[in-house]
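# Results of the structural survey
Take a look at the letters that make up each chain.
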Amino acid sequence: MYEAVMDTPLGIACIRGSDKGITEIRVSDDHALKRTIPKVLRPVCEQLNEYFEGSRKIFEVPLNPEGTPFQHKVWAALLEIPYGKKISYLDLAKKLGDPKAVRAVAGANAKNPLWILIPCHRVVGTDGSLTGYAGGLHRKKWLLNHESPSGQTVLFT
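Rules behind the numbers
Residues numbered from 1 in each chain as written. Predicted model: local features only at pLDDT ≥ 70, side-chain atom pairs only at ≥ 80, totals over all residues. Heavy atoms only, no water. Helix = DSSP H or I, 4+ residues; strand = E, 2+ residues; numbered from the N terminus. Contact = heavy atoms within 4.5 Å. Polar contact = N/O pair within 3.5 Å; in protein donor to acceptor, adjacent residues only side chain to side chain. Buried < 20%, exposed > 50% of the residue type's maximum accessible area, 1.4 Å probe, protein only. Core = buried A, V, L, I, M, F, W, Y, C linked by side-chain atoms within 4.5 Å. pLDDT = per-residue confidence, 0-100.

In terms of regular secondary structure, the protein is built from 5 helices and 5 strands. Along the protein, helices (α) and strands (β) appear in the sequence β-β-β-α-α-β-α-α-β-α when read from the amino end. In terms of principal-axis extent, the alpha carbons of the protein reach across some 45 × 40 × 25 Å. Within the protein, contacts between residues separated by at least 24 positions form 56% of all contacts whose residues are at least 6 apart in sequence.

Next up, the structure:
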């Protein structure tokens with residue numbers, strides 16, 4: 001298992017992965033972390049930089065998150081949410097075939113180990129409100145504004 005950290009506009013991204021794929025990306029405010037990037041993690045770091053610069057909308061790195069079959073099903077559905085779009089937890093549960101599974105879907109969303117790569121930040125409340133985000137609502141708001149269509153300014157204040 002390899003580890004790397006990189007600066008982002010939202011804090012320090014802590015990245016873990018292997019030759020099989022990226023297993024975890026978390027964001028932290030801790031600046032006392034080592035800054036060496038192993039060769040196997042360079043592509044994801046480069047693509048994250050491109051994302052933050054605004055030149056990348058789709059990630060092309062192998063993913064290998066650890067989770068239950070249900071979590072993997074939810075995370076796969078999250079990968080289908082296009083850049084700049086949002087979906088509600090209820091709509092995501094419906095898309096997965098069980099509108100009564102909203103809480104389970106939200107729970108799986110909250111356990112997403114791949115910050116930004118699996119775009120759980122694109123899931124909002126049924127009324128469009130920002131709800132729950134492991135990285136903090138200020139980061140979710142930033143990400144949604146970052147991905148907003150160029151004709152708009154700030155979606156959430």
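We now examine the side chain of Glu-147. Structurally, Glu-147 is set in the segment after helix H5 (137-146). Reaching out from Glu-147, the side chain makes a polar contact with the backbone nitrogen of Gly-84 at a distance of 3.4 Å. Polar contacts involving the side chain of Glu-147 include one to the side chain of His-121, which spans 2.9 Å. Ignoring sequence-local partners within four residues, the contact set of Glu-147 consists of Tyr-51, Tyr-83, Gly-84, His-121 and Arg-122.

All right, on to the environment of Pro-69 then. Within the secondary structure layout, Pro-69 lies in helix H2 (residues 69-79). Here the alpha-carbon distance between Pro-69 and Arg-42, two residues 27 residues apart in the chain, equals 28 Å.

Attention shifts here to unusual backbone geometry. A negative phi holds for most residues other than glycine; trans holds for most peptide bonds. Although it is not a glycine, Ile-116 adopts a positive phi angle of roughly 70°. For Ile-116, the position within the fold is in the loop between helix H4 (102-110) and strand S5 (123-124). Accessibility expressed as a relative area gives 1% for Ile-116, which makes it buried.

Moving on, we come to the nonpolar core. Residues Ile-15, Ile-25, Val-44 and Trp-115 are the most contacted members of the largest nonpolar core, which totals 39 residues. It is helix H1 (residues 42-53) that contributes the most residues to this core, 5 residues altogether. Apart from residues no more than four positions distant in its own chain, Ile-15 is found in contact with Tyr-2, Glu-3, Ala-4, Met-6, Ile-22, Glu-24, Ile-25, Leu-41, Val-44, Cys-45 and Leu-48.

Let's shift gears to the confidence of the model for the protein. Do not read the predicted coordinates in detail wherever pLDDT is low. Within the protein, residue pLDDT values average 89, and 91% of them lie at 70 or more. The lowest-confidence element of the protein is strand S1 (residues 2-8), averaging 89 in pLDDT; the highest-confidence one is H2, averaging 97. Contacts of residues 151-157 to residues separated by more than four positions or lying in other chains number 13 contacts, the stretch itself having pLDDT below 50.

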